[in-house]
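# Observations on the three-dimensional arrangement
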Amino acid sequence: MSSPTTIAVAMSGGVDSSTVAAMLRADGHNIIGLTMQLWNQRRLAGHEGMPESVQGRCCSIDDVYDARRVAEHIGIPYYVVNQEERFERDVVRPFVEEYLSGRTPIPCSLCNNHLKFDQLLIVAQQIGAEQVATGHYARVTYDDGRGRWLLHRPADLSKDQTYFLFGLTQEQLSRTIFPLGNMTKPEVRDLARQHGLALAAKPDSQEICFVPGGDYKRFLDAYLAEQGGALPDTAGDLVTTSGEVLGEHSGIHNFTVGQRKGLGVATGSPLYVIQINGAEKQVVVGGEENLYSSTLRTRRVNLIAVDDLSDPMRVVVKIRHRHEPALATIEQADADEILVTFDQPQRAITPGQAAVFYDGGVVVGGGWIV
Amino acid sequence: MQRVYLDNNATTPVLPEVLDAMRPYFGERFGNASSIHQHGQETRAAVEHARESVAALLSCRAAEVVFTSGGTESDNLAIAGLTTAGDHIITSSIEHHAVLHACKHLEETGCDVTYLPVDGCGLVDPEDVRRALRPNTKLISIMLANNETGVLQPVEQVGKIAAEADVFFHTDAVQAAGKIPIDVARIRCDALSISGHKIHAPQGVGALYVRKSTRIQPLFYGGRHERSRRAGTENVPGIVGLGKAAELAMRGSDRSEDQKMSALRDRLEQGILAQADESGVNGEGAPRIPNTSSIYFDSIDGEPMVISLDLKGLAVSTGAACSSGALEPSHVLLAMGLRPDRARASVRFSLGKQNNDKDVDFALALVPETVARLRKLSPVYKKEALSS
């Protein structure tokens, strides 16, 4: 080990980031634990339809308590930094607006792009830390040949979080370390036990952190009510792919592409949401065969492994977190638009989600599906 | 690592004399002050002796002192205890949350509350108080000294207005007690809150002055402790500590200690301002308690500033901490009309009796350097000037 580095560890109070802090501390680095206060769970508690008591995981007092206990146990300074305003501006509002426009957002990617690897890196630099470490399952290397920082899928593919990290810039990657990239989750839990961390068996968090119980519809209602507005009326027609009106739907934010349940119409064959037309408030439904498409377009693209796409490139593409990557060709279609053409049609390509491009285990880049 | 503590408005260390005075009451002198036997009589005497010391600090009678668990309870007891549903309360927008949130709660239970603004120096205008009076106004609660800026409010003028209008007047003197002389008769208040741990007594003890023959509803019910104004067996060690701390504070009542503190604070303040441009004192121009200095450093954020200083051994604060420990923009500075970025760029330095010249030297060596480092990283420092 060369001279100790000062590293800020983003601590959520979970097993992964706690283990990262303990590992790096044991390696002899100067570690500063940081937790971002992103959302006040009590804010919407008790609003119409929201639970009275606070059950969400995000920034709960319990998680901060856990992170603080770990910091105390391993003997590092620890601070909570308030990023509530930015989180609301850059994550919560876009999340709400996307749903109201008929898209299905991924707040975790927005949070990574705007908070964890932006604001947190800034705070880290301000308090004298050269690098930031997180508990994400991913790997970063520097490629001399290309002169670029590369983002790789982790050793434990079942925990792969690179899908949410496609927005990282070269500057961000150069200052970020993912110490869990070569470990499996059971190994991480073992290590947590070896370091005497009381939370070694704490369950993983799954849901969107600021939406208690995962019920985003109730969250939208409560958030808009708190903002002094009501949920705008996004009700409209339920139409078939050929334009036939089948009835009315309750609001486009209640639907996502590929959804089958809750359409409110009974027909002989199963119907799926094929498309959501935000401008006309139309929900287009059809048979399963209509769900498949061979192309998609992405905007707000970030490329990691290459400078630009001067020539079409063969890659595999993930169109949602749990999607089996599919072979495709990507090419620059417009200044900020990449066209993805799959070898085989893909089911339920969903606007608002990200398409992330891989070259083997390396993240080439990604963009938002339009 | 050398550590210097300049956050005495948050809490103060218990002074050795205070700890010595308290020590017997954790062990050999353990009696319940309500018991008739010798054990009880011994602690009763200690409690009453402490009451006299606190009364001397506030220039009131011993019987007018109610011991509580701290400043928050004292504020709540005064505000809830002197009002009922349907009453109107006048307070200010720069009060401590113990007052503001108590008032918010009473709004939910049927009281009307007026939150008065302050001027750019952080001062309440007594004429605003007069204008806010209504036929059903029952209570005025205006703090003596603000916890963030140290600005002293015109409580004597407010007290006069309250007396003329026959309205109760409560003042939160948590940050003023022990730092400036307090005389409840001059303030003409009916209730006044103090806290032990802000004057070098332990956390968990405080007192409320309640003017003789003022009827106050208790917050909780039980035995007839504290003349039925505060049920619950007395926190004897804490009360003894508060009494001792009050005595020690009185020692400086010839103003020599205040002046020493004031000189130390001024050296710190002037030293920082001389070395860091685009900075200034919040509340400058208004009378202030001698230990507090709230300074803004434009183009930086107070949060990384406080963390950076702590990592180097200097404890200061900014804003108010929420339950997770994250910092929130100060409602006091915002109420004074500071731009939100300037409110976020503010840091509070507050001295205690234990601080000395060396502590100020330490801060003067560290603060300007940290400000300069953060400004080098700031996307806005001196950038506007260049681009315009």
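This one's a predicted model, so the numbers in the text were calculated from it and none came from an experiment.

### Topic: the overall build of chain B
- A count of helices and strands for chain B gives 14 helices and 14 strands.
- Scaling as 2.2 N^0.38, a compact globule of 388 residues should have a C-alpha radius of gyration of about 21 Å, and chain B matches this with 22 Å.
- With the C-alpha coordinates of chain B rotated into their principal frame, the extents come out at 75 × 55 × 40 Å.
- Relative to its 388 residues, chain B shows a buried fraction of 51%.
- A sequence separation of at least 24 residues applies to 72% of the contacts in chain B between residues at least 6 apart.

### Points about the overall build of chain A
- The helix and strand inventory of chain A stands at 7 helices and 17 strands.
- Rg of the C-alpha trace for chain A: 22 Å, near the compact-globule value of 21 Å for 370 residues, within the 12% margin.
- Its C-alpha atoms give chain A principal-axis dimensions of roughly 70 × 55 × 35 Å.
- The buried share of chain A, taken over its 370 residues, is 47%.
- Considering only contacts in chain A between residues 6 or more positions apart, those separated by 24 or more positions represent 64%.

### Some points on the interface of chain A and chain B
- Each partner contributes residues to the interface: chain A has 14 residues there, and chain B has 13 residues.
- The leading source of residues in the side of chain A that touches chain B is strand β3 (residues 78–82) of chain A, at 4 residues.
- Classifying every residue of the side of chain A that touches chain B by side-chain character gives 9 nonpolar, 5 polar and no charged.

### Brief notes about the packing of helix α9 (residues 256–275) of chain B against helix α13 (residues 357–377) of chain B
Residues and elements named next belong to chain B.
- Following both chains from N to C, one finds α9 and α13 inclined at 15°, their axes separated by 10 Å at the closest point. Taken together, the axes of α9 and α13 lie roughly parallel to each other. Taken as a pair, α9 and α13 cross one another with a handedness that is right-handed. In contact with L264, R267, L268, G271, I272 and Q275 of α9, α13 contributes D357, V360, A363, L364, V367 and P368.

### A few points about the nonpolar core
Residue and element names in this part refer to chain A.
- Counting 135 residues, the largest nonpolar core has V9, A21, L34, L120, V285 and V356 as the members making the most contacts within it.
- Of the residues forming this core, the biggest block, 7 residues, is contributed by helix α4 (residues 107–126).
- Other than its neighbours up to four places away in sequence, V9 contacts S17, V20, A21, L24, I31, G33, L34 and A133.

### Comments concerning the packing of helix α3 (residues 71–81) of chain B against helix α4 (residues 97–108) of chain B
Residues and elements named next belong to chain B.
- One can describe the packing of α3 onto α4 by two numbers: an axis separation of 9 Å at closest approach and a directional angle of 35°. Between α3 and α4 lies a crossing of right-handed hand. Between α3 and α4, the contacting residues are G71, T72, D75, N76, I79 and A80 on the first element and A98, V99, A102, C103 and L106 on the second.
- A breakdown of the residues in the contact of α3 with α4 according to their chemical character gives 7 nonpolar, 3 polar and 1 charged.

### Considerations on the sheet that holds strand β10 (residues 272–277) of chain A
Residues and elements named next belong to chain A.
- Strands sit in the order β9-β8-β11-β10 across an open sheet of 4 strands; the sheet is mixed. The open sheet has two free edges, formed respectively by β9 (245–249) and β10, since each of these has just one partner strand. Between one strand and the next, the sheet's axes are offset by a mean angle of 30°, whatever the strand orientation.
- Relative to strand β11 (residues 282–286), strand β8 (residues 236–240) runs parallel, the two being bridged by 3 bridges. Paired with T240 across the two strands is V285, which belongs to β11.

### Regarding the domain arrangement of chain B
Residue and element names in this part refer to chain B.
- Split into domains, chain B comes out as domain 1 (4–12 + 255–387) and domain 2 (16–252).
- Using C-alpha coordinates to define each centre, domain 1 is positioned 28 Å away from domain 2.
- In this assembly, 25 residues from domain 1 lie in contact with 26 residues from domain 2.
- Mapped onto the side of domain 1 that touches domain 2, the elements with two or more residues apiece are α9, β10 (292–297) and α11 (331–335).
- Grouping the amino acids of the side of domain 1 that touches domain 2 by side-chain chemistry returns 8 nonpolar, 12 polar and 5 charged.

### A few points about helix α7 (residues 216–226) of chain A
Residues and elements named next belong to chain A.
- For α7, the complete set of buried residues consists of Y216, F219, L220, A222 and Y223.
- Packed against the buried residues of α7 are α3 (84–100).
- Where α7 ends, the next residue or the one after it, G228, has phi of about 85°, a positive value.

### Re the pairing of strand β14 (residues 346–350) of chain B
All names here are of chain B.
- Among the 5 residues that make up β14, 5 are buried, leaving the element largely enclosed by the rest of the structure.
- What you see with β14 is no split at all: S346, R348 and S350 on one side and V347 and F349 on the other are buried throughout.
- Across 5 bridges, the pairing between β10 and β14 is antiparallel. Paired with S293 across the bridge in β14 is F349.

### Notes on the pairing of strand β5 (residues 137–141) of chain B
All names here are of chain B.
- In terms of residue burial, β5 counts as a mostly covered element, since 4 of its 5 residues are buried.
- With 4 bridges joining them, strand β3 (residues 88–92) and β5 adopt parallel strand pairing. When the bridges of β5 are listed, T91 appears paired with S141.
- Across 3 bridges, the pairing between β5 and strand β6 (residues 168–172) is parallel. Considered in β6, the bridge of L139 is made with F168.
- The parallel pair β5 and β6 is bridged by helix α6 (residues 155–165), and the resulting crossover is right-handed.

### Some thoughts on helix α1 (residues 15–26) of chain A
Residue and element names in this part refer to chain A.
- Here α1 is 12 residues long and its end C-alpha atoms lie 16 Å apart, about the 16 Å a rise of 1.5 Å per residue gives.
- With 11 of its 12 residues buried, α1 lies for the most part within the structure.
- Among the residues making up α1, those that are buried are V15, D16, S17, S18, T19, V20, A21, A22, M23, L24 and R25.
- On the buried face of α1, the contacting elements are β1 (6–10), β2 (30–37), α2 (61–74), β4 (131–133) and α6 (185–194).

Each value, and the rule that gives it
Residues numbered from 1 in each chain as written. Chains lettered and ligands numbered in written order. Predicted model: local features only at pLDDT ≥ 70, side-chain atom pairs only at ≥ 80, totals over all residues. Helix = DSSP H or I, 4+ residues; strand = E, 2+ residues; numbered from the N terminus. Rg over C-alpha atoms; globule rule 2.2 N^0.38 Å. Buried ≥ 20, exposed ≤ 12 C-beta atoms within 10 Å, placed from the backbone. Contact = placed C-beta atoms within 7 Å. Nonpolar A, V, L, I, M, F, W, Y, C, P; charged D, E, K, R; others polar. Axes fitted to C-alpha atoms, helices over the stretch in contact; angles between N-to-C directions. Parallel < 35°, antiparallel > 145°, perpendicular 65-115°, else oblique. Left-handed = near helix turned anticlockwise from the far one by under 90°. Core = buried A, V, L, I, M, F, W, Y, C linked by C-beta atoms within 7 Å. Pairing = 2+ DSSP bridges. Domains from an automatic or database assignment. Right-handed = clockwise from strand over helix to strand, strands pointing away. Expected span 1.5 Å × (residues − 1).

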